[in-house]
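Each chain, written out:
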Amino acid sequence: MLSNHHKNVAAIIHLSALSKFIFPLGNFIMPLIFWTMNKDKSEFVDKHGKQAINFQLSILLYTFFIGAITIPLFLFGVLNHINFPEFWQAYDFDFDFHLSNRDSYNVVIFSILAGLLVIAAFILEIIFIIIATSKANQGEPYKYPLTINFLK
């Protein structure tokens, strides 16, 4: 039998991921604290806690991956049009790689699209947290989409 307390704790674990808007890494720390304090009290709370933490770790991994691709490409596309003669002459670099204007614009457009993907992921993260909170509060299991199971 699932008590209201267990449902509320599971919902709080999911909702605590939004604490990232209050302090850095709150989306990891707060669910982890609530989960570790309550994981032994209910299997329902344990499963929801693992889901919340796995989802936050997955989002972090996806964000780092997209950023690792986007930021260098964007900077390379923008900085390709700027000459740094003092820098190149002072260090005697033989840097003779230039993109054409069309290629440079493609790199910038790709970077902007990847940035929009990050924004979409951010919005979807909030939506999925709200859905998971609602499901937990109703006593139903929930599995976040595109989640890597770090904790099993």
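Just so it is clear, the structure is predicted and the values come from calculations on it, not from any experiment. (Residues numbered from 1 in each chain as written. Predicted model: local features only at pLDDT ≥ 70, side-chain atom pairs only at ≥ 80, totals over all residues. Heavy atoms only, no water.)

Some points on the nonpolar core
Counting eight residues, the largest nonpolar core is built from Ala17, Phe55, Ile59, Phe128, Ile129, Ala132, Tyr142 and Tyr144. Of all elements in the fold, only α3 (43-79) and α5 (101-138) reach the threshold of two or more residues within this core. Among the elements that line this core, the one with the most residues is α5, at three residues. For Phe55, the residues in contact, after removing those within four places along its chain, are Glu125, Phe128, Ile129, Tyr144, Pro145 and Thr147. Core analysis: the next-biggest nonpolar cluster, separate from the first, contains six residues, Val9, Ile13, Val45 and Ile53 among them. (Core = buried A, V, L, I, M, F, W, Y, C linked by side-chain atoms within 4.5 Å. Buried < 20%, exposed > 50% of the residue type's maximum accessible area, 1.4 Å probe, protein only. Helix = DSSP H or I, 4+ residues; strand = E, 2+ residues; numbered from the N terminus. Contact = heavy atoms within 4.5 Å.)

Remarks on the side chain of Thr147
As for its position among the elements, Thr147 is in the segment after α5. Looking at Thr147, the relative accessible area reads 14%, which means it is buried. Within the structure, Thr147 has its side chain in polar contact with the backbone oxygen of Tyr144 (distance 3.1 Å). Leaving out residues up to four positions away in the same chain, Thr147 has contacts with Asn54, Phe55 and Ser58. (Polar contact = N/O pair within 3.5 Å; in protein donor to acceptor, adjacent residues only side chain to side chain.)

Overview of the pattern of salt bridges
For side chains of opposite charge, pairing can occur when their charged atoms come near one another. Summed over all chains, the structure comprises four salt bridges. With a closest N to O distance of 2.7 Å, Glu125 and Lys20 form a salt bridge. Taken together, the residues Glu125 in helix α5 and Lys20 in the loop between α1 (4-15) and α2 (26-38) connect sequence positions 105 residues apart. A residue is classified by how much of its surface remains accessible, and Glu125, at 3% relative accessible area, is buried. A salt bridge links Glu43 to Lys47; the shortest N-O distance between them is 3.1 Å. Highlighted residues: Glu43 and Lys47, both in helix α3, separated by four residues, approximately one helical turn. (Salt bridge = Lys/Arg side-chain N within 4 Å of Asp/Glu carboxyl O.)

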